[in-house]
Amino acid sequence: MSRSPGKVRPPHPTRHPAPGRSTGSEHCSDLLRLNGNDLTSWSYRRRRTALESVFSARRLTAPWTLCPSTTDQDVVNEWLTWGAVGMEGVIYKRLTEPYRPGARGWLKYKPRETTEAIVGAITGTLSAPRTLLLARYDTSGDLQYVGRTTTLTTAASTSVAPLLTSAIGEHPWAGWTFSAGWGSRETLDVTLVQPDVVGEVGVDVARDSAGRWRHPVRWHRPRPDLSPSDIQHR
């Protein structure tokens, strides 16, 4: 079976070239229409060649970016070390397949790692937390928000609930609001907790410009052997 290169997954949604329109950084990995012609029946190899020709012929520069592409697994392995610059993962496409709207005709791989974070707030209740808002201390000793977990399983919620206590005194996040999701104007209803619970979490390597995890993280387990002061913002 022939597959396309892994293609670097950009840190923002991939867009297709549309002359005259630009909304920040435009990362292009596929071409579905060209000069009014529908290209979806073409193989990915042919669409990719056409996309590269568009960039060359029109001399496209920033904000347009052509996502790199390769058939060399060693190159893909190198790309997977680029998490620090916002590379979220790679997408594998079959070189011979057409574009099928509404169908998943490709595979996505995002590198993950295990690390630790402090619980600074929750959604849900203290007796049945739904998600955990996580933190780390920065070099100035301030508690910085770094991300939120996916919805906890019943077992995880039950195990972490007895460890949580309401915030005592002035919480570092008092008065803060938290977005319900990337790009969302909806805010979360949160309960601030005493930031003394450390947990092990699974994260993908993509981070935003502030160093926060771009995607929800997976709660693994409490780490009572670690102190919150051990958890520094990285």
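Check the entry above for the structure.
Every value quoted in this text rests on a predicted model; they were computed, and no experiment measured them.

Student: Please explain the overall build of the chain as it appears in this structure.
Tutor: Check the secondary structure of the chain and you find three helices and 12 strands. For the chain, the proportion of its 234 residues judged to be buried stands at 40%. Excluding contacts between residues fewer than 6 apart, the proportion of contacts in the chain whose partners are at least 24 apart in sequence is 60%. Carbon and sulfur atoms provide 49% of the accessible area of the chain, an area that totals close to 12900 Å².

Student: What exactly am I supposed to notice about the nonpolar core here?
Tutor: In summary, soluble globular proteins display a tendency toward joint burial of nonpolar side chains. Of all hydrophobic cores here, the largest spans 17 residues; its most connected members are Val-119, Leu-132, Leu-134, Val-201, Trp-213 and Trp-219. Breaking this core down by element, the ones donating at least two residues are strand S8 (112-124), strand S9 (129-137), helix H3 (154-160) and strand S11 (191-204). Sort the elements by how many residues they give to this core and S11 lands first, with four residues. The residues touching Leu-132, leaving out its near neighbours within four places in the chain, are Val-119, Ala-121, Ile-122, Gly-147, Arg-148, Thr-149, Leu-152 and Trp-219. Core analysis: the next-biggest nonpolar cluster, separate from the first, contains 11 residues, Ile-118, Ala-135, Phe-178 and Leu-188 among them.

Student: How should unusual backbone geometry be read in this particular structure?
Tutor: Working note: non-glycine residues mostly have negative phi, and peptide bonds are mostly trans. With an omega of 15°, the peptide bond between Ala-62 and Pro-63 qualifies as cis. We note that Arg-59 has phi near 50°; this positive angle belongs to a residue other than glycine. The residue Arg-59 is located in the loop between helix H1 (44-58) and strand S5 (64-66) in this model.

Student: What's the story with the pairing of S9 in this structure? I'm lost.
Tutor: Working note: regular strand, side chains alternate between the two faces of the sheet. Of all the nine residues making up S9, seven are buried; the element is thus mostly covered by neighbouring parts of the structure. In the sheet, S8 pairs with S9 via six bridges, with the strands oriented antiparallel. Across the sheet, Ala-121 pairs through a bridge with Leu-133, a residue of S9. Hairpin connection of S8 to S9: four residues between the antiparallel strands.

Student: Please explain the sheet that holds S11 as it appears in this structure.
Tutor: Consider a sheet: its strands pair through backbone hydrogen bonds, and that pairing is either parallel or antiparallel. The sheet built from five strands is open, its strands ordered S10-S9-S8-S11-S12 with antiparallel pairing. Of all strands in the sheet, those bounded by a partner on one side alone are strand S10 (143-148) and strand S12 (218-222). On average, adjacent strands in this sheet sit at an angle of 50° to one another, irrespective of strand direction.

Student: Help me understand the side chain of Thr-131, please; the structure alone is not making it clear to me.
Tutor: Within the secondary structure layout, Thr-131 lies in strand S9. Apart from residues lying up to four places away in sequence, Thr-131 is in contact with Ala-121, Ile-122, Thr-123, Arg-148, Thr-149, Thr-150, Thr-151 and Leu-152.

Student: How should the packing of aromatic side chains be read in this particular structure?
Tutor: Remark: the centre distance and the inter-plane angle together describe each pair of aromatic rings, the angle taken between the planes. Applying the stated criterion across every chain, the model contains five aromatic pairs. Considering the side-chain rings of Trp-173 and Trp-176, the 5.7 Å spacing of their centres and the 20° angle between planes classify their relative orientation as stacked. Taking the relative accessible area as the measure of exposure, Trp-173 reaches 0% and is therefore buried. Judged by its relative accessible area of 39%, Trp-176 is partly exposed. Each member of the aromatic cluster is reached from another via a ring pair, and the members are Tyr-145, Trp-173, Trp-176 and Phe-178. Over the ring of Trp-42 we find Arg-46; its NZ or CZ atom is 3.6 Å from the centre of that ring.

How each quantity is defined
- Residues numbered from 1 in each chain as written.
- Predicted model: local features only at pLDDT ≥ 70, side-chain atom pairs only at ≥ 80, totals over all residues.
- Heavy atoms only, no water.
- Helix = DSSP H or I, 4+ residues; strand = E, 2+ residues; numbered from the N terminus.
- Buried < 20%, exposed > 50% of the residue type's maximum accessible area, 1.4 Å probe, protein only.
- Contact = heavy atoms within 4.5 Å.
- Areas by Shrake-Rupley, 256 points an atom, 1.4 Å probe, with all protein chains shown as cover.
- Core = buried A, V, L, I, M, F, W, Y, C linked by side-chain atoms within 4.5 Å.
- Pairing = 2+ DSSP bridges.
- Axes fitted to C-alpha atoms, helices over the stretch in contact; angles between N-to-C directions.
- Phe/Tyr/Trp six-rings, centres within 6.5 Å; stacked < 30°, edge-to-face > 60°.
- Lys NZ or Arg CZ within 6 Å of the ring centre and 35° of its normal.

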